[in-house]
Amino acid sequence: MGKKAEKKPLSPALLARLLRVNQAGEYGAKRIYAGQLQGLRWRGADAQTLRQIEQMAAQEETHLAAFSQLIAANQVRPTALQPVWHVAGFALGLATALLGNKAAMACTVAVEEVIDRHYAAQAELLEKTPAKAAPQLKAVIDQFRREENDHRETALEAGAEQTPLYGVLRHAIKAGAKAAIWLAERV
Ligand SMILES: [Fe+2]
Ligand SMILES: [Fe+2]
């Protein structure tokens, strides 16, 4: 009884906010990998690195498609900042890939660390709601979170931490990703 009383309903406003930020984030992820692939190809990166990034990019496409479908189904307005994520995501991916394969991987580590916390917080929130849509949405978030963690693991195994100034780069990108989430939840 006491436990049930603590549950908060998932309001349409909250659902809209969750879906909007996730769709924006997955869109940004898609653009980061697009920029990375461009930069890596310019640099003539090895086939294995390209394949790894392509596989992660393909998963981001799946994530984006799922949230795009969910925002349409729930009549949620997509982020107004899509043009910003379009350019900023690509620029981040391109810049890190031009620094080197390991810098590109460091970018993935940083972004995925932030996304992991973000999805974990949402999953925790949804755990507390009795709304009909929530179990399904939570399952989607849990699955995507696992896949984002796989991306981080892949990037770490590819030597992300050996990037010169890894700590600085990681912190800067994490700060940027957090700022992007803050904005995407509001605009
Ligand atoms: Fe994703
Ligand atoms: Fe990812």
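For the structure given in this document, a descriptive report is provided here. Per chain, residues are indexed from 1 in the order of the written sequence. All chains are assigned letters beginning at A, and all ligands numbers beginning at 1, according to the order in which they are written. Per-residue local features are limited, in this predicted model, to residues with pLDDT of at least 70; the limit for side-chain atom pairs, both in listing and counting, is 80 or more; totals at the level of whole chains, interfaces and linings are taken over all residues. Only hydrogens and water are set aside; all other atoms, that is, all heavy atoms of the structure, feed into the side-chain values.

**Some words on the coordination of the iron ion (ligand 1)**
Rules: Each metal's donors are the N, O and S atoms within 2.8 Å of it, or within 3.2 Å when it is Na, K or Ca, and because water is not part of the set, sites may look incomplete. Numbering of helices and strands runs from the N terminus; a helix is a DSSP stretch of H or I covering at least four residues, while a strand is a stretch of E covering at least two. Partly exposed describes any residue whose relative accessible area lies between the buried limit of under 20% and the exposed limit of over 50%, with all areas from a 1.4 Å probe on protein chains only and scaled to the type maximum.
For the iron ion (ligand 1), the full set of protein donor atoms is Glu26 (OE), Glu26 (OE), Glu60 (OE), His63 (ND1) and Glu148 (OE), and the range of their distances to it is 1.9 to 2.8 Å. Sequence spacing of the donor residues for the iron ion (ligand 1), all on one chain, is E-x33-E-x2-H-x84-E. Between the iron ion (ligand 1) and the iron ion (ligand 2), a spacing of 3.8 Å is present, and a bridge between the two is formed by Glu60. A residue pair is termed long-range when its members are at least 10 positions apart, and His63 in helix α3 (residues 47-73) and Glu148 in helix α6 (residues 134-157) qualify at 85 residues. A single burial state applies to His63 and to Glu148, both of which are buried.

**Some thoughts on the coordination of the iron ion (ligand 2)**
Where we set the bar: When four donors show all angles between 85 and 135 degrees the site is tetrahedral, when four or six donors have opposite pairs over 155 degrees and all other angles between 65 and 115 it is square planar or octahedral respectively, and in every other case it is irregular.
Around the iron ion (ligand 2), the donor atoms from the protein are Glu60 (OE), Glu112 (OE), Glu148 (OE) and His151 (ND1), and they sit 1.8 to 2.3 Å away. Geometry at the iron ion (ligand 2) is irregular, judged from its four donor atoms and the angles of 87 to 138° they form at the metal. Mapped onto the polypeptide sequence, the residues donating to the iron ion (ligand 2) form the spacing pattern E-x51-E-x35-E-x2-H.

**Some thoughts on the nonpolar core**
Rule in force here: In these notes, a set of buried Ala, Val, Leu, Ile, Met, Phe, Trp, Tyr and Cys residues joined through side-chain atoms within 4.5 Å is what counts as a nonpolar core. Contacts are residue-level and defined by heavy atoms, with any inter-residue pair within 4.5 Å sufficient.
Core analysis: the biggest nonpolar cluster contains 49 residues, and Leu19, Ile53, Phe67, Leu137 and Ile141 have the highest contact counts within it. Of all elements in the fold, only α2 (12-42), α3, α4 (82-99), α5 (101-127), α6 and α7 (166-184) reach the threshold of two or more residues within this core. By residue number, the principal contributor to this core is α5, which donates 13 residues. Among residues more than four places away in sequence, those in contact with Leu137 are Leu15, Leu18, Leu19, Phe67, Leu70 and Leu126.

**Regarding α3**
Heads up, the condition is: Expected helix span is computed as 1.5 Å times (number of residues minus one).
Between its terminal C-alpha atoms α3 stretches 39 Å, which fits the 39 Å expected from 27 residues at 1.5 Å a residue. Buried within α3 are the following residues: Thr49, Leu50, Gln52, Ile53, Met56, Ala57, Glu60, His63, Leu64, Phe67, Leu70 and Ile71.

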